[in-house]
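# Inside the fold
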Amino acid sequence: MTQDPQLRASDEDRDRVAAVLSEALATGRLTSVEHADRLDVAYNAKTVGDLVPLTRDLPDVTASAAPVAIERQVISSTFSKIVRKGRWVASRHLKLRAGFGALVIDLSDAVLPGREITIETSASFSKVIVRVPADARVIDEGGSVFGKRDVSTAGGSGDGPLIRLTGSSAFSKVIVTRGLDDWNLR
């Protein structure tokens, strides 16, 4: 970044820094806590000078290697079971759709793009299971008709991401857990 440090930062400047931070997390140069802290500062930066210290100790990411910021993702399951786990890049807004199927989404090792993630569920005659990081704070704003909604909002520390669960389900189960033992997440 060779611009004047007093210039106002643009969204493109913030996204470029976020790409470097995500690459550093994926390659093990940053811990998930360091990544979340730096990403929070990046998206709240007012000037280009606020962004410089965030990547000073990290290698630059070329434009072709920089991950594209995904603002919204949709994962759908119809008459099938889909499992997403391990190291993957989640979006700020994740829509989970299941119809006569099952979705198992494990966010514990996922690269989260910020301090707040919204997960919108839409399930009919299905099961949706979401495993959140142990330090995540969870807010449930969704509903269910003729189904079960078991969202563990207990736990989580001030350092973890905020995961906001919205949406609705009918004749379905929506389960949010921190543990690995109960829900076939292995």
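In this text, all values refer to a predicted model and were calculated from it rather than measured experimentally.

Looking only at helices and strands, one finds 3 helices and 11 strands in the protein. In the protein, the succession of helices and strands from N to C terminus is α-α-α-β-β-β-β-β-β-β-β-β-β-β. Looking at the 186 residues of the protein, the share that counts as buried comes to 42%. Here the analysis covers contacts within the protein between residues at least 6 apart in sequence; of these, 63% occur between residues at least 24 apart. Surface accessibility of the protein: about 9700 Å² in total, with carbon and sulfur atoms responsible for 50%.

What follows is about the layout of surface pockets. Of the voids in this model, the largest pocket is the one considered here, and its volume is about 280 Å³. Lining the largest pocket are 18 residues, and of these Ser32, Ala110, Leu112, Pro133 and Pro161 sit closest to its centre. A total of 4 residues in the lining of the largest pocket trace back to one element, the largest contributor, which is helix α2 (residues 32-43). Along the lines of polarity and charge, the residues of the lining of the largest pocket split into 8 nonpolar, 5 polar and 5 charged.

Together, Phe79, Phe100, Phe125, Val145, Phe146 and Phe171 make up a nonpolar patch on the protein surface, roughly 720 Å² of accessible area in all. Positionally, Phe171 belongs in the loop between β10 (162-170) and β11 (173-177).

This part covers the pattern of salt bridges. Tallying each qualifying case throughout the model produces 8 salt bridges. A salt bridge links Asp57 to Arg38; the shortest N-O distance between them is 2.9 Å. With a gap of 19 residues between them, Asp57 in the loop between α3 (48-55) and β1 (72-78) and Arg38 in helix α2 connect regions that are remote in the sequence. Of the charged contacts in the structure, one is a salt bridge between Arg131 and Asp106, with a shortest N-O distance of 3.3 Å. Taken together, the residues span a long stretch of sequence, with Arg131 in strand β6 (residues 127-131) and Asp106 in strand β4 (residues 102-106) at a distance of 25 residues.

Looking now at the pairing of β4. Within β4, 5 of the 5 residues are buried, which leaves the element mostly enclosed by the surrounding structure. Burial along β4 is two-sided: the face carrying Ala102, Val104 and Asp106 and the face carrying Leu103 and Ile105 are both buried. Across 4 bridges, strand β2 (residues 81-84) lies against β4 in parallel orientation. In the strand pairing of β4, Arg84 is matched with Ile105.

Attention shifts here to a positive patch on the surface. Residues Lys81, Lys127, Lys148 and Lys173 make up a contiguous surface patch of positive charge. Here Lys81 shows up in strand β2. Looking at Lys81, the relative accessible area reads 52%, which means it is exposed.

Another aspect to go through is the packing of helix α1 (residues 11-26) against α2. Across the interface, α1 lies against α2 with an axial gap of 10 Å and an inter-helix angle of 180°. Compared by their axis directions, α1 and α2 come out roughly antiparallel. Residue-level inspection shows Arg14, Asp15, Val17, Ala18, Leu21, Ser22 and Leu25 of α1 in contact with α2, the latter providing Ser32, His35, Arg38, Leu39, Ala42 and Tyr43. Considered class by class, the residues forming the contact of α1 with α2 number 7 nonpolar, 3 polar and 3 charged.

Rules used throughout
- Residues numbered from 1 in each chain as written.
- Predicted model: local features only at pLDDT ≥ 70, side-chain atom pairs only at ≥ 80, totals over all residues.
- Heavy atoms only, no water.
- Helix = DSSP H or I, 4+ residues; strand = E, 2+ residues; numbered from the N terminus.
- Buried < 20%, exposed > 50% of the residue type's maximum accessible area, 1.4 Å probe, protein only.
- Contact = heavy atoms within 4.5 Å.
- Areas by Shrake-Rupley, 256 points an atom, 1.4 Å probe, with all protein chains shown as cover.
- 1 Å grid on protein atoms, 1.4 Å probe; cavity = no way out; pocket = protein on both sides within 12 Å on 5 of 7 lines; lining within 4 Å.
- Points joined across faces, edges and corners; volume = space filled by probe spheres on them.
- Nonpolar A, V, L, I, M, F, W, Y, C, P; charged D, E, K, R; others polar.
- Patch = residues over 30% accessible without salt bridge, like charges linked within 9 Å, V, L, I, M, F, W, Y side chains within 5 Å.
- Salt bridge = Lys/Arg side-chain N within 4 Å of Asp/Glu carboxyl O.
- Pairing = 2+ DSSP bridges.
- Lys, Arg positive; Asp, Glu negative; His and termini not counted.
- Charge placed at Lys NZ, Arg CZ, Asp CG, Glu CD.
- Axes fitted to C-alpha atoms, helices over the stretch in contact; angles between N-to-C directions.
- Parallel < 35°, antiparallel > 145°, perpendicular 65-115°, else oblique.

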